[in-house]
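What follows is each chain in one-letter form.
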Amino acid sequence: MTAPFLRNVWYMAAWSSEIGEALFRRRIAGEPILMFRRADGIIAALTDRCSHRFAPLSMGMRVGDTVRCPYHGLTFAADGACVANPFSDVLPKGATIRSWPVVERDGAVWLWAGAPEEADTATIPDFAALMRPCGPPLSGLMPMNAGYQFGTDNLMDLSHIEFVHTGSFAGAGVIFGGEHRVRQSGETLHSDWWMPDVAAPAHTFGIYPPELRCDHWLDMRWNAPASMLLEVGATPKGQSRDEGCIVWQAHILTPESETTAHYFWATTRSSDQVDPGADAFLRGLMGQAFEGEDKPIIEAAFANLDGRDFWGEKPVSLGIDQGGTRARRLIETMLRRETKTA
Ligand code: FES
Ligand SMILES: [Fe+2]
């Protein structure tokens, strides 16, 4: 990975369910990546560019656990080693393709973009909350024509809900009366809203009576580059959070290029009973909120900068936006650290 992207970080590369036997290509932080599931079920990830004349291997074919280039037939093993040359018994020097450490966890595929020997799986952000006894969460992937950090700005400052999400999540100004706190623990950021004594929020419908007064919270956790876990919670006014109704959401942005991103989202259900009708409603609500409301404003704001530098345009601070600001600053610090140690 080259600047402006972090190297020493885990990028979400895909939902586990996206990767099967077929050759699958996705550009991650500027690198074309080929992924496929080996016969033993383990996912292989290689740079999707043949070392001969640079054809995408994803246009080739699998031969067992190897991949044959579609252009002149060099064949590569799942670890990137060249294992067959149709023109000679001698394997060409320097033909090995880069392979990338990948780990499947919590229904997602994580790719380490730094030196393989430094890949520490303990630093993969924890999304175990998504995995409920009733099965995997509802999930999706939204392509976004914007730099990935514009997604972070959006998610680390949920005050936009009141303006952007009038067709989905907006809660009649509830967030304006809330308390907002941003804090940092190591290189993890938290942007938390606390809204006591409010009307039962939408995620409790069917669980709490609509007239019940609730204490409501929206706690967002951020890890580089833009892997966010949101806890949407409500509890009857004055009761402990542990007794509350909680929904967990993943909002994970992986840069594709400097100007495009993959926005992976997932949500658990308010109840552990899976009901196809409720799932269809929830999927519709998420589609409206993310595709219909967030995406247009994020993309329009990004496009409106016409490639100018974010800080160079001197963005005004409203206080509520400090989560996104601190995430940007933390990434800058990490990039500087990587440059020093490179
Ligand atoms: S480009 Fe792959 S073998 Fe020539
Ligand atoms: Fe939003």
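Here is what the cut-offs are and how they apply
- Residues numbered from 1 in each chain as written.
- Chains lettered and ligands numbered in written order.
- Predicted model: local features only at pLDDT ≥ 70, side-chain atom pairs only at ≥ 80, totals over all residues.
- Helix = DSSP H or I, 4+ residues; strand = E, 2+ residues; numbered from the N terminus.
- Rg over C-alpha atoms; globule rule 2.2 N^0.38 Å.
- Buried ≥ 20, exposed ≤ 12 C-beta atoms within 10 Å, placed from the backbone.
- Contact = placed C-beta atoms within 7 Å.
- Domains from an automatic or database assignment.
- Nonpolar A, V, L, I, M, F, W, Y, C, P; charged D, E, K, R; others polar.
- Expected span 1.5 Å × (residues − 1).
- Bend = angle between axes of the 7 residues up to and from the residue.
- Pairing = 2+ DSSP bridges.
- Axes fitted to C-alpha atoms, helices over the stretch in contact; angles between N-to-C directions.
- Parallel < 35°, antiparallel > 145°, perpendicular 65-115°, else oblique.
- Left-handed = near helix turned anticlockwise from the far one by under 90°.
- Core = buried A, V, L, I, M, F, W, Y, C linked by C-beta atoms within 7 Å.

## A short note on the overall build of the protein
Across its full length, the protein holds four helices and 17 strands. Here the protein has a C-alpha radius of gyration of 22 Å; the compact-globule value for 342 residues is 20 Å, and the two agree. Principal-axis analysis of the C-alpha atoms places the extent of the protein at approximately 75 × 50 × 35 Å. Expressed as a percentage of the 342 residues in the protein, the buried residues total 36%. Restricting the contact set of the protein to residue pairs at least 6 apart, pairs at least 24 apart contribute 55%.

## Structural notes on the domain arrangement of the protein
Where interface size is given, it is often the accessible area lost as the parts come together that is meant. When its domains are assigned, the protein resolves into domain 1 (10–123) and domain 2 (128–341). For domain 1 and domain 2, the distance between their C-alpha centroids amounts to 32 Å. With nine residues of domain 1 at the interface, the matching set in domain 2 holds 14 residues. Elements with a contribution of two residues or more to the side of domain 1 that touches domain 2: β1 (10–15) and β2 (24–28). Broken down by element, the side of domain 1 that touches domain 2 gets its largest block of residues, three residues, from β1. Of the residues contributing to the side of domain 1 that touches domain 2, the split by class is five nonpolar, two polar and two charged.

## Some points on helix α3 (residues 276–304)
Between its terminal C-alpha atoms α3 stretches 40 Å, which fits the 42 Å expected from 29 residues at 1.5 Å a residue. If you look at α3, its biggest bend is around 35 degrees, right at Asp 294, and the proline Pro 296 turns up within four residues after that. Turning to α3, its buried residues are Met 286, Glu 293, Asp 294, Ile 298 and Phe 302. The inward-facing, buried residues of α3 contact β11 (138–144), α1 (148–155), α2 (161–164) and β17 (261–267). In the segment just after α3, Asp 306 is the residue with positive phi, at about 50 degrees.

## Some words on the environment of Met 142
When you line up the elements, Met 142 lands in strand β11. Placed 76 residues apart in sequence, Met 142 and Thr 66 show a C-alpha to C-alpha distance of 31 Å. Apart from residues lying up to four places away in sequence, Met 142 is in contact with Tyr 263, Trp 265, Phe 290, Glu 291 and Lys 295.

## Thoughts on the sheet that holds β1
Taken in spatial order, the three strands line up as β1-β10-β9 in an open sheet, and their pairing is antiparallel. On the outer flanks of this sheet lie β1 and β9 (102–105), each paired with one strand and no other. Neighbouring strand axes in the sheet, compared pairwise and without regard to direction, differ in orientation by 30 degrees on average. Pairing analysis gives five bridges linking β1 to strand β10 (residues 108–112), with the strands arranged antiparallel. Note on β10: the bridge partner recorded for Ala 14 is Val 109.

## Digging into the sheet that holds strand β6 (residues 66–68)
Ordered in space as β5-β6-β7-β8, the four strands form an open sheet in which the pairing is antiparallel. Each edge of the open sheet carries a strand with a single partner, namely β5 (61–63) and β8 (82–84). Relative to β6, β5 runs antiparallel, the two being bridged by three bridges. In the strand pairing of β6, Arg 62 is matched with Val 67.

## Observations regarding the packing of α1 against α3
Closest axis-to-axis distance for the α1/α3 pair is 10 Å, and the angle between their directions is 125 degrees. As judged from the angle between their axes, α1 and α3 are oblique. Handedness of the α1/α3 crossing: right-handed. Residue-level inspection shows Phe 150, Gly 151 and Asn 154 of α1 in contact with α3, the latter providing Asp 294, Ile 298, Ala 301 and Phe 302.

## What about the nonpolar core?
Counting residues in each nonpolar core, the largest one holds 79 residues, and the members touching the most others are Tyr 11, Ala 13, Met 35, Ala 45, Val 109, Trp 110 and Leu 111. Shared between two domains, this core holds at least three residues of each, these being domain 1 (10–123) and domain 2 (128–341). Residues contacting Ala 13, with those up to four places away along its chain left out, are Arg 26, Ile 28, Ile 33, Met 35, Ala 45, Val 102, Val 109, Trp 110 and Leu 111. Counting residues in hydrophobic clusters, the runner-up holds five residues, among them Ala 200, Tyr 208, Cys 214 and Ala 234.

## Quick look at the pairing of strand β3 (residues 31–37)
In this sheet, β3 lies alongside β2 in antiparallel orientation, the contact comprising five bridges. The residue of β3 that forms the bridge with Arg 26 is Ile 33. The hairpin turn running from β2 into β3, its antiparallel successor, is two residues long, and Ala 29 in that turn takes a positive phi close to 45 degrees. In terms of strand pairing, β3 meets strand β4 (residues 43–47) through five bridges, oriented antiparallel. For Ile 33, the partnering residue across the bridge sits in β4 and is Thr 47. Here β3 folds back onto β4, and the loop between the two strands holds five residues, one of which, Gly 41, carries a positive phi near 95 degrees.

## Some words on the environment of Leu 6
Position of Leu 6 relative to the elements: it lies in the segment before β1. Separated by 329 residues in the primary sequence, Leu 6 and Leu 335 place their C-alpha atoms 6.0 Å from one another. Among all residues touching Leu 6, those that are not within four sequence positions of it are Ala 224, Pro 225, Ile 331, Met 334, Leu 335 and Glu 338.

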